[in-house]
Amino acid sequence: MFDEILVPTDGSDCAAAAVGNAVDIASHYDATVHVLSVLDSRSQENAAHQARGGSRAESVVEEVTAEVTTAGQGAERAVRTGVPYEVILEYVDEAGIDLVVMGTHGRTGVERYLLGSVTEKVLRRSDVPVLTIRDTEDGSGHYPYESVLVPTDGSAAAGAAADVGLDLATRYGSELHVVSIVDVLSMGMDVRSEMMTDALEASAREAVDEIADRAGGAVGGVETAVGYGSPYKKLRRYVEENDVDLVVMGTHGRTGLERYLLGSVTEKLVRTSPVPVLTVRMGEAGSE
């Protein structure tokens with residue numbers, strides 16, 4: 001599933017956290033890690049500036065590539081100039097990348113939030129799964145992924161993400177958590193009848209059980225849960241209370257947001273999750 005993994009880097013701490021995750025995934029898939037640094041053409045004011053930036057980028061790429069090869073993984077390296085998110089997406093197509101691993105911020109000054117960042121733009125447009133990593137204050141990572149959470153609402157998008165989550169959990173021998181949250185309040189007052197609530201819960205349970213049944217004995221155990229409330233808040237709490245190491249979810253479910261993340265449960269988790277979040281668009285899981 002993941003043969004070619006891309007990790008864009010600018011040498012920041014957040015980018016370094018992404019490298020560790022990329023290398024660990026590569027070790028489980030025997031994948032090649034592509035290390036890419038992009039010089040932002042919009043900030044190149046003169047030849048001297050370009051030379052300094054190019055030298056710095058080359059040094060960063062060389063250092064990260066050495067880290068990858070020292071870990072025993074194959075590596076490719078590249079330094080390019082252009083609009084960063086555009087260059088990254090072009091590289092994905094050119095190199096046949098299967099997975100992009102990125103920090104949620106680098107040197108952009110956007111701190112914990114994605115809006116306006118390179119990562120957000122890649123997330124919105126990427127045709128391959130994107131794993132986002134927040135830089136933890138203590139520098140610790142969450143890999144290897146011993147516990148993987150796959151949220152589901154029974155939609156096709158959730159199913160595509162489940163395919164990827166199941167594959168990762170199988171490779172890692174992880175405990176798989178499958179959770180569905182029934183958001184009754186967002187549907188209006190008239191749906192809170194006992195009959196409607198029972199129907200929604202039955203649908204959620206069916207979605208959860210379908211994924212759990214597919215996992216079978218291939219993973220290191222399966223835990224399932226159906227809850228009520230705000231999906232984002234409930235999932236965030238579940239991550240914290242169950243020591244989840246990785247969340248794998250679709251970029252949209254039944255929200256009608258198509259390829260965009262804004263306003264979705266996924267986007268809110270990507271922005272604030274204390275653990276890595278792997279986002280999958282419909283169609284990605286089956287394209288190997």
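Residues numbered from 1 in each chain as written. Predicted model: local features only at pLDDT ≥ 70, side-chain atom pairs only at ≥ 80, totals over all residues. Heavy atoms only, no water.

Student: Is there a simple way to think about the sheet that holds strand S10 (residues 277-280) in this case?
Tutor: In any sheet, the strands associate via hydrogen bonds between backbone groups, in a parallel or an antiparallel arrangement. Strand order in the open sheet made by the 10 strands is S3-S2-S1-S4-S5-S10-S9-S6-S7-S8, with mixed pairing throughout. Across the chains shown, the open sheet's two edge strands, defined by having one partner strand only, are strand S3 (75-82) and strand S8 (222-228). Here the average twist between neighbouring strands, direction ignored, is 20°. Of the pairings in the sheet, the one linking strand S9 (residues 246-250) to S10 comprises four bridges and is parallel in character. Of the residues in S10, the one forming a bridge with Gly250 is Val280. (Pairing = 2+ DSSP bridges. Helix = DSSP H or I, 4+ residues; strand = E, 2+ residues; numbered from the N terminus. Axes fitted to C-alpha atoms, helices over the stretch in contact; angles between N-to-C directions.)

Student: Honestly, unusual backbone geometry in this entry has me stumped. Any pointers?
Tutor: With glycine set apart, most residues show a phi of negative sign, and most peptide bonds adopt trans. In this structure, Pro144 follows Tyr143 across a cis peptide bond, with omega equal to -5°. Within the secondary structure, Pro144 sits in the loop between strand S5 (130-133) and strand S6 (147-151). The backbone of Asp30 shows a phi angle near 50°, a positive value even though the residue is not glycine. Here Asp30 lies in the loop between helix H1 (13-29) and strand S2 (32-40). Overall, the relative accessible area of 67% leaves Asp30 in the exposed class. (Buried < 20%, exposed > 50% of the residue type's maximum accessible area, 1.4 Å probe, protein only.)

Student: What is the right way to read the packing of aromatic side chains from this model?
Tutor: How two aromatic rings sit relative to each other is given by the distance of their centres and the angle of their planes. Tallying each qualifying case throughout the model produces two aromatic pairs. Judged by centre distance (5.0 Å) and plane angle (45°), the rings of Tyr145 and Tyr172 are tilted. On the criterion of sequence distance, the pair formed by Tyr145 in the loop between S5 and S6 and Tyr172 in helix H5 (residues 156-172) is long-range, its members being 27 residues apart. One exposure class covers both Tyr145 and Tyr172, and it is buried. (Phe/Tyr/Trp six-rings, centres within 6.5 Å; stacked < 30°, edge-to-face > 60°.)

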